[in-house]
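Spelled out from the first residue to the last, the chains are:
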Amino acid sequence: MKRIILAAALAALGAGCFTVHRSEYPEVTMSRAPEGREIAVQLAGFEATVVSYLPVYGHETVWREHVYRDRHGRFRDGGLYPATYSTTTYIPQARLTPAFVERAQDLLEDAGFAVGLTNAAYVVEVRFAGPVVTDGDRTTECLWLLCSLLSGDYSAQTWTARLRITEAATGRLLLHRDYSQKYAAAVWGPIPILSPAAATATDADVMQSWALSALTDRALADATQFLAGR
């Protein structure tokens, strides 16, 4: 029994996956609001859709053919019999997440700006779009899989964001900037198929969260620099 447990533990350890390459997170600096001045800001946008999967458990009955050997060793048809199996169906559920607007609010408040007031002087709006996967990224993914004999994986996504800062009272556009952020990761593990499947660095949700967090930080760095100089 101990040998079985040890073998299972070694197999689980061997199925782990290592991150060979991962995009570096952009370095940004937030500008602080001027001392003694209250700059009121309202946030808009920062919407992102995340997909979660809800497991639904059930049972399924199928009819199977019963074949047996008679006393002479010949196969005989014994008819059909029912067999019941447990089933699990995963239903995708898309929802909007407030994670990035909350991140933006925290960044602004930490920099000394007032957020969410009814008398806001400026509106900071960020709209996300994506993901985009280029033909070059798809080619790299195929080459990585083939050259690693299915023990590695490569994934890349590019997301974009549009920053708009407007004057709340007049709606006049004061600042407009576009951003592009690519996330790429390569992983490898000792067990073909299983090791890459267990990797988190190439998971779609992780890639989206990384890219949108980076875009939020970059947009807010420019926004705080602009607002601090008003």
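For the structure, see preceding data.
Residues numbered from 1 in each chain as written. Predicted model: local features only at pLDDT ≥ 70, side-chain atom pairs only at ≥ 80, totals over all residues. Heavy atoms only, no water.

Q: Give a description of the sheet that holds strand 1 (residues 18-22) that names residues and reports values.
A: Read from one edge to the other, the open sheet built from six strands follows the order 1-8-7-6-2-5, with strand pairing classed as mixed. Edge positions in the sheet fall to strand 1 and strand 5 (114-115), since each of these pairs with one other strand and no more. In the sheet, strand 2 (residues 40-45) pairs with strand 6 (residues 122-132) via five bridges, with the strands oriented parallel. When the sheet's bridge partners are listed, V41 is paired in strand 6 with Y122. Against the sheet, helix 2 (residues 99-110) makes contact with strand 2, strand 5 and strand 6, and its axis sits at roughly 160 degrees relative to strand 2, the strand it touches most. (Pairing = 2+ DSSP bridges. Helix = DSSP H or I, 4+ residues; strand = E, 2+ residues; numbered from the N terminus. Contact = heavy atoms within 4.5 Å. Axes fitted to C-alpha atoms, helices over the stretch in contact; angles between N-to-C directions.)

Q: Help me get a handle on the environment of Y179, residues and values and all.
A: Turning to its location among the elements, Y179 is positioned in strand 8 (residues 173-188). Filtering out sequence-adjacent residues up to four positions away, Y179 remains in contact with W159, T160, A161, L163, L215, R218, A219 and D222. A polar contact is formed between the side chain of Y179 and the side chain of D222, at a distance of 2.6 Å. (Polar contact = N/O pair within 3.5 Å; in protein donor to acceptor, adjacent residues only side chain to side chain.)

Q: Outline the side chain of S213, supporting the account with residue identities and numerical values.
A: Within the element layout of this structure, S213 appears in helix 5 (residues 204-228). Of the polar contacts made by the side chain of S213, one reaches the backbone oxygen of S209; its length is 2.8 Å. In this structure S213 touches Y25, F100 and R103, once residues within four positions along its chain are discounted.

Q: Any details on the pattern of salt bridges? Residues and values, ideally.
A: In this structure the tally under the stated criterion is nine salt bridges. A salt bridge links K182 to D137; the shortest N-O distance between them is 3.0 Å. In this pair, K182 sits in strand 8 while D137 sits in helix 3 (residues 135-147), placing the two residues 45 residues apart along the sequence. Using a relative accessible area of 40% as the deciding quantity, one classes K182 as partly exposed. With its nearest N and O atoms 3.8 Å apart, the salt bridge here joins E167 to R172. Among the residues examined, E167 registers a relative accessible area of 21% and is labelled partly exposed. Accessibility expressed as a relative area gives 46% for R172, which makes it partly exposed. Beyond isolated ion pairs, a larger network of salt bridges with shared partners links E47, E125, R127 and R164. (Salt bridge = Lys/Arg side-chain N within 4 Å of Asp/Glu carboxyl O. Buried < 20%, exposed > 50% of the residue type's maximum accessible area, 1.4 Å probe, protein only.)

Q: How would you explain the nonpolar core if you had to name every residue and give the values?
A: F46, F113, V124, F128, L163 and I165 are the most contacted members of the largest nonpolar core, which has 39 residues in total. At the level of secondary structure, the elements contributing two or more residues to this core comprise strand 2, helix 2, strand 6, strand 7 (152-167), strand 8 and helix 5. If one sorts the elements of this core by residue count, helix 5 sits on top with ten residues. The residues contacting I165, other than those within four sequence positions of it, are Y122, V123, V124, R172, L173, L174, L175, A223, F226 and L227. (Core = buried A, V, L, I, M, F, W, Y, C linked by side-chain atoms within 4.5 Å.)

Q: How would you explain helix 2 if you had to name every residue and give the values?
A: Relative to the 16 Å expected for twelve residues at 1.5 Å per residue, helix 2 spans 16 Å between its end C-alpha atoms, a close match to the ideal helical length. Burial in helix 2 covers these residues: F100, A104, L107 and L108. Each buried residue of helix 2 sits inside an arc of 95 degrees when the element is viewed along its axis, so together they form one side. (Expected span 1.5 Å × (residues − 1). Arc of directions from axis to C-beta.)

Q: Explain the packing of aromatic side chains residue by residue, including any values.
A: Going through the model one piece at a time under the given rule, you end up with four aromatic pairs. Between Y25 and W210, the ring centres sit 5.5 Å apart and the planes meet at 85 degrees, which makes this aromatic pair edge-to-face. Highlighted residues: Y25 in the loop between strand 1 and strand 2 and W210 in helix 5, separated in sequence by 185 residues. Overall, Y25 belongs to the partly exposed group, its relative accessible area being 33%. Centroid distance F46 to F128: 6.4 Å. Interplanar angle 75 degrees. Geometry classified as edge-to-face. Residue F46 is located in the loop between strand 2 and strand 3 (48-69), and its partner F128 is located in strand 6; the two are separated by 82 residues in the primary sequence. For F46, a relative accessible area of 1% corresponds to the buried category. By way of ring pairs, the aromatic residues Y25, Y183 and W210 are connected into one cluster. (Phe/Tyr/Trp six-rings, centres within 6.5 Å; stacked < 30°, edge-to-face > 60°.)

Q: Now, about a negative patch on the surface: what can you tell me, with residues and values included?
A: Taken together, E102, D106, E109 and D110 make up a surface patch of like negative charges. Considering the arrangement of structural elements, one finds E102 in helix 2. (Patch = residues over 30% accessible without salt bridge, like charges linked within 9 Å, V, L, I, M, F, W, Y side chains within 5 Å. Areas by Shrake-Rupley, 256 points an atom, 1.4 Å probe, with all protein chains shown as cover. Lys, Arg positive; Asp, Glu negative; His and termini not counted. Charge placed at Lys NZ, Arg CZ, Asp CG, Glu CD.)

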